[in-house]
Each structure stands twice: as C-alpha cells, then as structure tokens.
Amino acid sequence: HIDHGIGEFSGLTKIKVGELEQEVMKLLFLENDVLYVNLNFVNRVQKYSSSDGHVPKLNRLGGAEWEKTKARAKGRIKDIARDLIRLYALRKSEHATASAPDSHWQKELEASFTYQDTPDQTATTQDIKRDMESPSPMDRLICGDVGFGKTEVAVRAAFKAVMSGRQVAVLVPTTILAIQHYNTFLDRLSRYATRVENMTRFRLKKEQVRIVKELEKGSIDIIIGTHRLLSRDIVIPNLGLLIIDEEHRFGVSAKEKLRKLKASVDTLAMTATPIPRTLHFSLIGARDLSLMTTPPRNRLPIETEIIPAKDGRGTQWDTVRSAILKELHRGGQIFFVHDRVQNIDDVAAQVKAHVPEARVHVAHGQMTGHELEKTMIDFLEKRYDLLVCTKIIESGLDIPNVNTIIINRADRFGLAELYQLRGRVGRTNVQAYAYLLVPPLAVLPRPTLRRLQAIEEFTELGSGFSLAMRDLEIRGAGNLLGAEQSGFILEMGFEMYERIVKEAVDELKQEEFSNVIDSKPAGTSPSTRT
C-alpha cells in the first residue's frame, strides 16, 4: 500500500460502514493489524514483486518505518538521477558544429535505397536530421527491431556529417559485424567519393598504422571498428558523429571512454533490445528516443519453439534432424549455435552423425582472422549448409539464405542475446524458425524459464521494445539508474520502486532542471509508442 507499506492480501470481504454494506480489500500487517481498503481506492495498492524467492518483511501500521524507507530511496535516486540529468544539461549547453541542411547528394543517396522506407524509418531519419542541424550535440537512441532498417538510417546520418565536412566513427561490438557494416557503408557511399575504412583485429599491423595516420590527417571520412577505436593511439581530429551499434554489448570502461568523447559530439546509439538503464534514461526524458516498430513489407514473424530434453516426442536430436532437413529441402541454410569453444568440434561431429546429408562447418572467435573470414565468405557463398558456431553471429550479421537457427543450451543465454541470435534469421519474406534446445524444464531455475517463455511469447515483429520492458521486470531493474538499487527493490517491490523513481525524477525536473528537460520525453518521434 502506497501509504502504509507491505501487508498481506487476505481476500475481499464485506463490512458495514454506517448503514451501508460495502466490499473491501482486507490487508494484514505486522502484529495482525488489519487495514480495509475501499475498492474505490484500489489504485493505492499494488502487487509486491522483486527478486524471485525473496519474502518481504511486513510493515507495522501507523509506524514511521515505511515513510523513512520511501524517503531514503527517493533521496538516493535523486542523487544518482541528478548526476545523469546534469550530464544531459551539460550536453544541451555545449555547442556542437551544426550540420548543413540536406545537399543534393543527400537526397540522391536516400532515393537510391532499394526498399521503400517504413513510416518509422522516415520519422527517425527526420528526428536525426533535426538533431544534427541544431547547435546542441545530439544524443539519440534508436530502438528498432533486428532487420528494421537501423543501418540505413545510420548510413544517412553518417553521410550528412561527411557532407558537412566532418569525420564519423562507427563503433560495433564484434569483428564480423564491423566487416559487414564496412561492406554496407562502402556499397552505399562509394559512388559519392566518401572514404570508408575499417579497424579490427583482422587488419595487419602495418595497415593499422597507416589507418591511424590517415585518420589523424583527416583523410578518412568514416571509420568503422570494434573497441580498437577507443585505444589511446586513435585520434580523430574532426569527429562530428559517433554511431554506437548494439550499445548494450559495451562494458562500463568502454562507456566511460565514450562519455568523454560524447560531450560535444553528435551521438547516435542503435539497439534492438536496450539495456534497462539505457531504456529508462530515455523514458525519463534525459535522452532522445526514436522507436522503429513498423516491420518492412512482407516480413513474417519467426516461429519459435522450446525443445526440452526427454519431452516425450523422441530425443532432441530427432527434432534437430527434421528441422535441418526441412530447411535443406527448401534450399536454405542453418545456424547451429553452441556457447562453448572447448567442445564445439564434438557438437559439430554429433550434428554430422545425425544429419549426414548436411555439409557442416565450424566458426568461432578463437580462429585466426583469415580463417574466420574465409569460413564466413564460404558460408555466404553456400559452400556449406550448416554452420556450427558460437554467438559471434549474434550482432547484426545478415545472411538472407539462413532461415533456421538452432540454439543449443539456450538456458545459458541472456534475453537480449537470445533475441539478437533469433534475429539472424527471418530477414526476408521467407518463414523462419528458431529452436531453443534446453535441459528438462523441471530442472531449470524459474528466472531462466521466464526468460525462455518471454522469447517464445514475443515472436511478433517489432517486439524488441516489449522484450526490453519484460527484461526490466525479470531482472528486477537492479541497475535502473546505474548504481545498485536492488536493496530498495527488495524493501518495497519493483512497481513501488518504479513509482518512487518517477516521482523523484519529476520533482528534480521541476525543482532543479525545469529549464533543461521538457515535461514529456525529449525528442520522441510521433511514431513513438511507449
């Protein structure tokens, strides 16, 4: 109860008030104190939810303990949120070099896009252009589902920055994704005399030295790379736009380095499943948010199935074999994801034994750069039917002919990872399938089961945002505002804590930052549905 604290629900009952009989909720508190809540005020009561298995302590009716807990939580939240909003205020007061209005070349580039823009793609492109043409540095998060056209929006933003005489850095979490983005940017921008380079561990030492020198001279327009771009020897003198793909994949130290870069530079972050903190920061209005939830035309939802061991329908391998043969019969290819490099060859041998018809190959991050690159190119050129691989394929990889993915021991993967992995298939108008292989359901911990059920439930296109919201619930939003807040969540429950966060942030906005943040989340596009 928002005013009295944690009690135990004891059902609905009828009591007589004066001459009238009315139905009320009966709540039991410490020492058998009873509170009756008129159903007209049921909005004052919420179900307590926090970490699985935690039993909360009941409060005493009329005691000051509950008010102290709320005040303590609100004070701590304000301290943390104040720092975040101050950073946002600093960015708003900084002056970045505003980009020039769209050039003739910009319009031509956008018109040359092979597909028709979705309404959200159009709205997000407009949001970004407006931000880039303003004198304050942009800090926008694009939350768009896998395959919904975020990369094309990033290409347009990058080209706009280059047309304004500035350099662009594109930061991605994996080497394979860096190469894929490099090919996409090259394909879209090469005819406009835009110099694009990539910086990954696959590049030879002498090539890296050359790129570092040319970057510093300003002769490279767009540099695409992994964490290597955050090294001390990298100097980008005329950096005007920083694009971060799959922001949730970067650790705290990488984000600290990025924050120093971001103070006066336009920043565009892209993700399919934003981490709870990033999402919450956008929802409270301290960061601009664009949602891309409209699927491209003719795209079908991915059929997702959990396959537990010993499920009464034969072994898991029977299901795996029929799934692989089904894909092979229609001329497609398959990803088989296994999360352990140590025994990946044994798993590949098992696949070969059960499906001798398939041409099987292995790929993982511990292979040499040349070897891995050759494997991926051979797979792309259909020299293999099935790739047994680790989660190196997780981010952004786009091979349209792969429309079945089998994830071994899916219980070991996080929600965002599963969602990203599933997004590797179903990129065209062909029906795609995802099979999650897990131990018997009876032995799985409850949060793991909830995670798997969430991924099975959210098969609709554009559900990455909903999934991130579910992630907030499952994880209990422990790092909601950056510092550990789980103690307060255990004391008052997730929904109550969310309410206190909202109150604290609203008070801060009105009392200390009224001139910085609008009352609505800043910069959300008309297509935003939160």
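Please read all numbers here as calculations on a predicted model, not as lab measurements.

Rules used throughout
- Residues numbered from 1 in each chain as written.
- Predicted model: local features only at pLDDT ≥ 70, side-chain atom pairs only at ≥ 80, totals over all residues.
- Heavy atoms only, no water.
- Salt bridge = Lys/Arg side-chain N within 4 Å of Asp/Glu carboxyl O.
- Buried < 20%, exposed > 50% of the residue type's maximum accessible area, 1.4 Å probe, protein only.
- Phe/Tyr/Trp six-rings, centres within 6.5 Å; stacked < 30°, edge-to-face > 60°.
- Helix = DSSP H or I, 4+ residues; strand = E, 2+ residues; numbered from the N terminus.
- Contact = heavy atoms within 4.5 Å.
- Pairing = 2+ DSSP bridges.
- Axes fitted to C-alpha atoms, helices over the stretch in contact; angles between N-to-C directions.
- Parallel < 35°, antiparallel > 145°, perpendicular 65-115°, else oblique.
- Left-handed = near helix turned anticlockwise from the far one by under 90°.
- pLDDT = per-residue confidence, 0-100.
- Core = buried A, V, L, I, M, F, W, Y, C linked by side-chain atoms within 4.5 Å.

Participant: How should the pattern of salt bridges be read in this particular structure?
Facilitator: Oppositely charged side chains can pair when the atoms bearing their charge come close. Taken as a whole, this structure holds 33 salt bridges when the rule is applied. One salt bridge in this structure joins Lys57 and Glu65, with 3.7 Å as the shortest N-O distance. A relative accessible area of 63% places Lys57 in the exposed class. Glu197 serves as the salt-bridge partner of Arg195, at 3.5 Å between the closest nitrogen and oxygen.

Participant: I would appreciate a short explanation of the packing of aromatic side chains in the present structure.
Facilitator: Centre-to-centre distance and the angle between the planes together describe a pair of aromatic rings. Tallying each qualifying case throughout the model produces six aromatic pairs. Relative to Tyr192, the ring of Trp105 lies with its centre 6.1 Å away and its plane at 65 degrees, an arrangement referred to as edge-to-face. Of the two residues, Trp105 sits in helix H2 (residues 104–111) while Tyr192 sits in the loop between helix H5 (175–189) and strand E6 (196–199), which places them 87 residues apart along the sequence. Given the relative accessible area of 9%, Tyr192 is considered buried. For the ring pair Phe335 and Phe379, a centre distance of 5.6 Å and an interplane angle of 35 degrees mean the geometry is tilted. Remark: Phe379 occurs in helix H11 (residues 369–380) and Phe335 occurs in strand E12 (residues 333–337); sequence separation between them is 44 residues.

Participant: Looking at this structure, how should I read the environment of Ile500?
Facilitator: Among the structural elements, Ile500 can be located in helix H16 (residues 494–511). Given a relative accessible area of 2%, Ile500 falls into the buried group. Those residues in contact with Ile500 that lie beyond four places of it in its chain are Lys70, Ala73, Lys74, Ile77 and Met492.

Participant: How do you make sense of the sheet that holds strand E3 (residues 34–38) when you look at a structure like this?
Facilitator: Hydrogen bonding along the main chain pairs the strands of a sheet, whether they run parallel or antiparallel. If you trace the three strands from one edge of the open sheet to the other, you get E1-E2-E3, paired in antiparallel fashion. Every other strand in the sheet has two partners, leaving strand E1 (8–17) and E3 as the edge strands with one partner each. Sheet twist, expressed as the mean angle between neighbouring strand axes with direction ignored, is 35 degrees.

Participant: For this particular structure, what's the right way to read unusual backbone geometry?
Facilitator: Glycine aside, a negative phi is what most residues show, and trans is what most peptide bonds show. The phi dihedral of Glu31 falls on the positive side, at around 60 degrees, and the residue is not glycine. Residue Arg409 is not a glycine yet carries a positive backbone phi of 50 degrees. Checked against the element boundaries, Arg409 lands in the loop between strand E15 (402–407) and helix H12 (415–422). Residue Arg409 is classed as partly exposed on the basis of its relative accessible area of 29%.

Participant: Can you help me understand the packing of helix H4 (residues 150–163) against H5 in this one?
Facilitator: Geometrically, a packed helix pair is captured by the angle between its two axes and the distance between the axes. Two numbers describe how H4 lies on H5: the axes approach to 11 Å, and their chain directions differ by 60 degrees. In terms of orientation, H4 and H5 fall into the oblique class. At the point where H4 passes H5, the crossing takes the right-handed sense. Packed against H4, whose contacting residues are Thr151, Glu152, Ala154, Val155, Ala158 and Phe159, the element H5 presents His181, Thr184, Phe185, Arg188 and Leu189 at the interface.

Participant: Which parts of the structure should I look at to understand the confidence of the model for the chain?
Facilitator: Detailed reading of the predicted coordinates is not advisable wherever pLDDT is low. Of all residues in the chain, 81% have pLDDT values of 70 or greater, and the mean over the chain is 81. Ranking the helices and strands of the chain by mean pLDDT puts E12 first, with 96, and helix H14 (residues 464–475) last, with 52. Scored below 50 in pLDDT, residues 472–485 makes 42 contacts in the model with residues more than four places away or belonging to other chains. Low pLDDT (under 50) marks residues 519–530, which in the prediction has 30 contacts with non-local residues, meaning those over four places away or in another chain.

Participant: Before we go on, may I ask you to explain the sheet that holds strand E11 (residues 303–308) in this structure?
Facilitator: In space, the six strands of this open sheet follow the order E11-E16-E15-E12-E14-E13, with parallel pairing throughout. What marks the edges here is a single partner per strand, and that holds for E11 and strand E13 (360–363). When strand polarity is set aside, the average angle formed by the axes of neighbouring strands in this sheet is 20 degrees. Judged from the six bridges that link them, E11 and strand E16 (residues 433–438) form a sheet pairing that is parallel. Each bridged residue has a counterpart across the sheet, and for Glu305 the counterpart in E16 is Tyr435. Of the strands in this sheet, E11, E12, strand E14 (386–389), E15 and E16 are in contact with helix H9 (residues 316–329), which crosses E12 at around 150 degrees. Most of the contacts of H12 go to E15, to which it runs at about 150 degrees, and overall it touches E11, E12, E15 and E16.

Participant: Is there a simple way to explain the nonpolar core in this structure?
Facilitator: What tends to happen in soluble globular proteins is that the nonpolar side chains get buried as a cluster. Core analysis: the biggest nonpolar cluster contains 38 residues, and Phe335, Ile393, Ile405 and Ile407 have the highest contact counts within it. Elements with a minimum of two residues in this core: H5, E12, H11, E14, E15, H12, E16 and helix H13 (446–457). With four residues, H12 is the largest single contributor of residues to this core. Those residues within four positions of Ile393 in sequence are excluded, and the remaining contacts are Phe335, Val337, Met376, Ile405, Leu421 and Arg424. If you look at the next biggest cluster of nonpolar residues, it comprises 30 residues, including Leu109, Met138, Leu177 and Phe185.

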